[in-house]
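Take a look at the letters that make up each chain.
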Amino acid sequence: MKRILVTGGAGFVGSNLCARLLKEGSHVICVDNLYTGRMVNIEPFLSNPEFEFLNHNIIEPLELENIDEIYNLACPASPPHYQKSPTYTTKTCILGIINMLELATKNNAKIMQFSTSEVYGDPLVHPQVESYRGNVNPIGIRSCYDEGKRCAETLCFDYNREFGTKVKVIRIFNTYGPMMDPEDGRVVSNFIIQALKGEDITIYGDGSQTRSFCYVDDLVEGIIRMMNSRDDFLGPVNLGNPGEFTIRELADIVLEMIDTKSKLVCMDLPKDDPTQRRPDITLAKSELGGWEPKVPLREGLVPTIEYFRNTIE
Ligand code: UDP
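A brief look at the structure comes next. (Residues numbered from 1 in each chain as written. Predicted model: local features only at pLDDT ≥ 70, side-chain atom pairs only at ≥ 80, totals over all residues. Heavy atoms only, no water.)

Right, let's get into the overall build of the protein chain. Helix and strand counts for the protein chain come out as ten helices and 13 strands. Radius of gyration (C-alpha) of the protein chain: 19 Å, near the 20 Å computed for a compact globule of 313 residues. Overall, the C-alpha framework of the protein chain stretches about 55 × 45 × 40 Å when taken along its three principal axes. Taken over 313 residues, the protein chain has a buried fraction of 54%. (Helix = DSSP H or I, 4+ residues; strand = E, 2+ residues; numbered from the N terminus. Rg over C-alpha atoms; globule rule 2.2 N^0.38 Å. Buried < 20%, exposed > 50% of the residue type's maximum accessible area, 1.4 Å probe, protein only.)

What follows is the structure, given as structure tokens:
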């Protein structure tokens, strides 16, 4: 039986990943310090003997034995959360991946770094291909996350070149689905909750900026395929849904799906907010056995709305 470490396992993507790994019959060690992760996400697993929870901050070293695989997700990921203490975010990215790479190297384990479409910054190449080096402001309010994640990628590749550590890097685009934190401040959670409560739908800027939204089950499938891909495929590889929507279109879809008296209001656009974002997934398709997202936005929003309805009740 594989012993798998998931850092950030109590978060949105992490808890969905833990569920899948347990279902596949692995032993899962979930590490989370609950900075943004939530016990409620992992509550259903606590009675499973193959699940362990360690309350630990990956900024500190971690000693564990007989680990086969590490998925390194631990980091605040929504702009309001990662900007709350930007230095903490950078430390989590950099010291966190160093500690996990050390652990992987000692255990001869495979380690996957959860990188992000934010490494492309406000992209000048559209859609974004992995070979595009990005347009990141190194001193802006998003830099703690963007540059932290970029340097974490560097560390993965340098550990691989210097010590032979078995690394894999994925770049995740916007993802949504059950287990999202209602307080995350992200666009999908905000719009759904606002519509369910009959509050104003807050569009930042004029809503013409675009994002591509991937349903979490599609993402998890891509993650598993990446971990099991051929040894010499390290990535980075984009994982996301290539369907592209303006934020205004997303608001209209949410209004169409939820019976509400909510109205759209425009608010200031946050600094350095990327104007467009869409993954080119050609590489993922060819390296990950034809992987591509199966769940269109309107379909994935159904269980997501249901989840938020139950959560806020
Ligand atoms: N956004 C918005 N209203 C909200 C929250 C976000 O218009 O209540 C916009 C935000 O400015 C950005 C996009 O939606 O352009 C996606 O934001 P999110 O925080 O979900 O993720 P990002 O892709 O920016 O990391």
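The next point concerns the site of the ligand. Surrounding the ligand, one finds 18 residues, the nearest of these being Thr202, Tyr204, Arg211, Asp273 and Arg277. With respect to the ligand, the side chain of Asn174 contributes an N or O atom lying 2.9 Å from an oxygen atom. At 3.0 Å, a side-chain N or O of Gln209 approaches an oxygen atom of the ligand. Protein contacts shield 96% of the accessible area of the ligand, which totals 510 Å² for the unbound molecule. Residues of the shell around the ligand, tallied by class, amount to seven nonpolar, five polar and six charged. (Near = heavy atom within 4 Å. Polar contact = N/O pair within 3.5 Å; in protein donor to acceptor, adjacent residues only side chain to side chain. Areas by Shrake-Rupley, 256 points an atom, 1.4 Å probe, with all protein chains shown as cover. Nonpolar A, V, L, I, M, F, W, Y, C, P; charged D, E, K, R; others polar.)

A word on helix 10 (residues 297–312). The end-to-end C-alpha distance of helix 10 is 22 Å, a good match for the 22 Å that 16 residues give at a rise of 1.5 Å each. What helix 10 keeps buried is the set Leu297, Gly300, Leu301, Thr304, Ile305, Tyr307 and Phe308. (Expected span 1.5 Å × (residues − 1).)

A word on the packing of helix 6 (residues 187–197) against helix 10. Each pair of packed helices can be summarised by the angle the axes make with each other and by the distance between the axes. Contact pair helix 6 / helix 10: the axes reach a minimum separation of 10 Å and the direction vectors enclose 60°. As judged from the angle between their axes, helix 6 and helix 10 are oblique. Judged by the twist between their axes, the crossing of helix 6 over helix 10 is right-handed. Along its contact with helix 6, which presents Val188, Ser189, Ile192, Ile193, Leu196 and Lys197, the element helix 10 presents Leu301, Thr304, Ile305, Phe308, Arg309 and Ile312. Of the residues assigned to the contact of helix 6 with helix 10, the class counts are eight nonpolar, two polar and two charged. (Axes fitted to C-alpha atoms, helices over the stretch in contact; angles between N-to-C directions. Parallel < 35°, antiparallel > 145°, perpendicular 65-115°, else oblique. Left-handed = near helix turned anticlockwise from the far one by under 90°. Contact = heavy atoms within 4.5 Å.)

Strand order across the open sheet formed by seven strands is 3-2-1-4-5-6-11, with parallel pairing between neighbours. The strands lining the two open edges of the sheet, one partner per strand, are strand 3 (51–55) and strand 11 (237–239). On average, adjacent strands in this sheet sit at an angle of 20° to one another, irrespective of strand direction. On the sheet, helix 5 (residues 143–163) packs against strand 5 (110–116) and strand 6 (166–172) and is oriented at approximately 155° with respect to strand 5. Of the strands in this sheet, strand 4 (69–72), strand 5, strand 6 and strand 11 are in contact with helix 7 (residues 216–227), which crosses strand 6 at around 160°. (Pairing = 2+ DSSP bridges.)

So, on to the packing of helix 6 against helix 8 (residues 247–257). One can describe the packing of helix 6 onto helix 8 by two numbers: an axis separation of 10 Å at closest approach and a directional angle of 35°. The two elements helix 6 and helix 8 cross, and the hand of that crossing is right-handed. Judged by residue contacts, Val187, Val188, Phe191, Ile192 and Ala195 of helix 6 engage Ile247, Leu250, Ala251 and Val254 from helix 8. Taken together, the residues of the contact of helix 6 with helix 8 sort by class into nine nonpolar, no polar and no charged.

What the rule picks out here adds up to one cavity of 30 Å³ or more. Its boundaries defined by the atoms lining it, the largest cavity holds a volume of some 30 Å³. As for the largest cavity, its lining consists of Lys110, Lys166, Val167, Lys168 and Asp231. It is strand 6 that provides the largest number of residues to the lining of the largest cavity, a total of three residues. (1 Å grid on protein atoms, 1.4 Å probe; cavity = no way out; pocket = protein on both sides within 12 Å on 5 of 7 lines; lining within 4 Å. Points joined across faces, edges and corners; volume = space filled by probe spheres on them.)

Side chains that are three or four residues apart share a direction in an α-helix, a result of its 3.6 residues per turn. Counting buried positions along helix 6 yields eight of eleven residues, so the element is predominantly enclosed. All of the buried residues along helix 6 are Val188, Ser189, Asn190, Phe191, Ile192, Ile193, Gln194 and Ala195. Against strand 7 (175–176), strand 8 (201–204), helix 8 and helix 10 lie the buried residues of helix 6. Once helix 6 ends, the next one or two residues include Gly198, with phi positive near 70°.

Read these as spatial facts, not as claims about activity.
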